[in-house]
Amino acid sequence: MKKSIYIGAIVVGMMAAACQQQQKTPTGSFATSVPEGQTAEAVEAAETETTVELTDTTMTYGSHRYTMTGNLTAEQYNREAWGRVTFTNVPTDYEEFERVYSEFLGKTPHGTAAMMPMAMAMYGRDRDLGERYIRLINYDSNVTSVLSQLKQKFTPSKHAPVGDTYIQPYLPAAVLKGATPENGYTPSEPYTVEMTASINAHSDLKISGKGRVVYLYILGDGWDTKKRQVEVLQPGNNALHKVFNCPSLYTQCKTIDGEWKGLR
């Protein structure tokens, strides 16, 4: 059953009053009076509310749309299991990313794995916000490794200046369907992450924590070995999943042919 969630306070009477108090200006444009007891910010927030709709397979956040299908689970290993996630945009702020994770994609191994390209793309745009994305969806022991590698791969230095093939800001796109080195890592839209179960069966943590690790492959054309293994941990029953290990997403990627145009 579809659920509709509305962000922000919506006061119908307030909006009606605002409309009734519009007055013509000498130039013919309209100036809206703010209802008594309300701030201009409150009126603006009501007018620009973000609508979130959620079903079993789709989450819509404003104009952004995310879908998830597949049968990868932590409960039982199935060599034939698969997953598929699509998204129209990289989540633009932390609130959106957190809600997509906690209310939708974080509930499955494949949904969580598919959020890594999103987090990596945001890290390329905004280091601080991208780091928050990465910390949210990754197990603590994996955060340092991811951030260390992305900093090197995304940030030119005296050892790897602009134009050096070691610098690879296009890594987030390399695992998206349709993106290849030859087409400048330009993926098909909506962006699609396709996954299959690994040949490695699930394993239980015994030393570094508790939970079950799911091994899966993200299929990407940015490497000679197109199956990129990602390990996803479910810390406990009904707990949100966390990316446990994922070096294959940022190592040995093929050099781009042309210029990467980024993601939406």
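Bear in mind that the values here come from a model prediction, so they are computed numbers and not experimental data.

What counts and what doesn't
- Residues numbered from 1 in each chain as written.
- Predicted model: local features only at pLDDT ≥ 70, side-chain atom pairs only at ≥ 80, totals over all residues.
- Heavy atoms only, no water.
- Helix = DSSP H or I, 4+ residues; strand = E, 2+ residues; numbered from the N terminus.
- Buried < 20%, exposed > 50% of the residue type's maximum accessible area, 1.4 Å probe, protein only.
- Contact = heavy atoms within 4.5 Å.
- Areas by Shrake-Rupley, 256 points an atom, 1.4 Å probe, with all protein chains shown as cover.
- Polar contact = N/O pair within 3.5 Å; in protein donor to acceptor, adjacent residues only side chain to side chain.
- Axes fitted to C-alpha atoms, helices over the stretch in contact; angles between N-to-C directions.
- Parallel < 35°, antiparallel > 145°, perpendicular 65-115°, else oblique.
- Left-handed = near helix turned anticlockwise from the far one by under 90°.
- 1 Å grid on protein atoms, 1.4 Å probe; cavity = no way out; pocket = protein on both sides within 12 Å on 5 of 7 lines; lining within 4 Å.
- Points joined across faces, edges and corners; volume = space filled by probe spheres on them.
- Nonpolar A, V, L, I, M, F, W, Y, C, P; charged D, E, K, R; others polar.
- Core = buried A, V, L, I, M, F, W, Y, C linked by side-chain atoms within 4.5 Å.
- Pairing = 2+ DSSP bridges.

Enquirer: Would you explain the overall build of the chain in this entry?
Expert: Scanning the chain for helices and strands turns up 7 helices and 12 strands. Burial statistics for the chain: of 264 residues in total, 43% are counted as buried. Partitioning the intrachain contacts of the chain with sequence separation of at least 6 by distance along the chain shows that 58% fall at a separation of at least 24. Put simply, the chain shows about 13,700 Å² of open surface, and 50% of that area lies on carbon and sulfur atoms.

Enquirer: Got a minute to help me understand the side chain of Asn 89 in this structure?
Expert: By secondary structure assignment, the location of Asn 89 is in the loop between strand S7 (82–87) and helix H3 (94–103). Reaching out from Asn 89, the side chain makes a polar contact with the side chain of Thr 88 at a distance of 2.8 Å. Once residues lying within four places of it in the same chain are set aside, the contact partners of Asn 89 are His 64, Tyr 66 and Arg 264.

Enquirer: I keep staring at the packing of H3 against helix H6 (residues 127–137) and nothing clicks. Help me out?
Expert: To describe two helices that pack against each other, one gives the angle between their axes and the distance between the axes. The contact between H3 and H6 brings their axes to 10 Å, and the two run at 15 degrees. Compared by their axis directions, H3 and H6 come out roughly parallel. Classified by chirality, the crossing of H6 by H3 is right-handed. Between H3 and H6, the residues in contact are Tyr 94, Phe 97, Glu 98 and Tyr 101 and Leu 129, Arg 132, Tyr 133, Leu 136 and Ile 137, respectively.

Enquirer: Help me understand empty space enclosed by the protein in this model?
Expert: In this approach the atoms are scanned with a rolling probe the size of a water molecule, which exposes any empty space left behind. Counted by the stated rule, this structure contains 1 cavity of 30 Å³ or more. Quantified by volume, the largest cavity comes out at close to 40 Å³. What lines the largest cavity is Leu 72, Thr 73, Gln 76, Tyr 77, Asn 78, Ala 81, Ala 197, His 202, Val 214 and Tyr 215. Taken together, the residues of the lining of the largest cavity break down into 6 nonpolar, 4 polar and no charged.

Enquirer: What's the story with the nonpolar core in this structure? I'm lost.
Expert: Soluble, globular proteins show a tendency: their nonpolar side chains are buried together. Membership of the largest hydrophobic core comes to 60 residues, with the highest contact counts inside it found for Met 195, Ile 218, Val 230 and Leu 249. Top contributing element to this core by residue count: helix H5 (residues 115–125), with 8 residues. Apart from residues lying up to four places away in sequence, Met 195 is in contact with Leu 72, Trp 82, Gly 83, Arg 84, Val 85, His 110, Ala 113, Ala 114, Leu 216, Tyr 217 and Ile 218. Among the nonpolar cores identified, the runner-up in size contains 6 residues, and Tyr 139, Leu 205, Leu 233 and Phe 244 belong to it.

Enquirer: Honestly, the packing of H5 against H6 in this entry has me stumped. Any pointers?
Expert: Relative orientation of the contacting elements H5 and H6 amounts to 160 degrees, with a least axis distance of 6 Å. Taken together, H5 and H6 sit at an angle that is classed as roughly antiparallel. Here H5 and H6 pass one another in a crossing that is left-handed. Side by side, H5 and H6 meet where Met 115, Met 116, Met 118, Ala 119, Met 122, Tyr 123, Gly 124 and Arg 125 of the first sit next to Arg 127, Leu 129, Gly 130, Glu 131, Tyr 133, Ile 134 and Ile 137 of the second. Tallied by class, the residues present in the contact of H5 with H6 amount to 10 nonpolar, 2 polar and 3 charged.

Enquirer: Looking at this structure, I do not really get the environment of His 241. What am I missing?
Expert: The topology assignment puts His 241 in the loop between strand S11 (227–234) and strand S12 (242–245). Distance in space between the C-alpha atoms of His 241 and Gly 211 is 9.7 Å, their sequence separation being 30 residues. Setting aside residues no more than four positions away along its own chain, His 241 makes contact with Ala 74, Tyr 101, Gly 106, Lys 107, Thr 108, Pro 109, Thr 112, Ile 137, Val 232, Leu 233 and Gln 234.

Enquirer: How do you make sense of the pairing of S11 when you look at a structure like this?
Expert: Along a regular strand, successive side chains alternate from one face of the sheet to the other. The element S11 is extensively covered by neighbouring structure, given that 6 of its 8 residues are classed as buried. Of the pairings in the sheet, the one linking S11 to S12 comprises 3 bridges and is antiparallel in character. For Val 232, the partnering residue across the bridge sits in S12 and is Val 243.

Enquirer: Help me understand the pairing of strand S4 (residues 51–54) in this model?
Expert: The alternating pattern of S4 places Val 52 and Leu 54 on a buried face, while none of Thr 51 and Glu 53, on the opposite face, is buried. Relative to strand S5 (residues 58–61), S4 is paired through 3 bridges, and the arrangement is antiparallel. Bridge pairing in S5 places Val 52 opposite Tyr 61. Taking the residues between adjacent antiparallel strands as the criterion, S4 and S5 are bridged by 3 residues.

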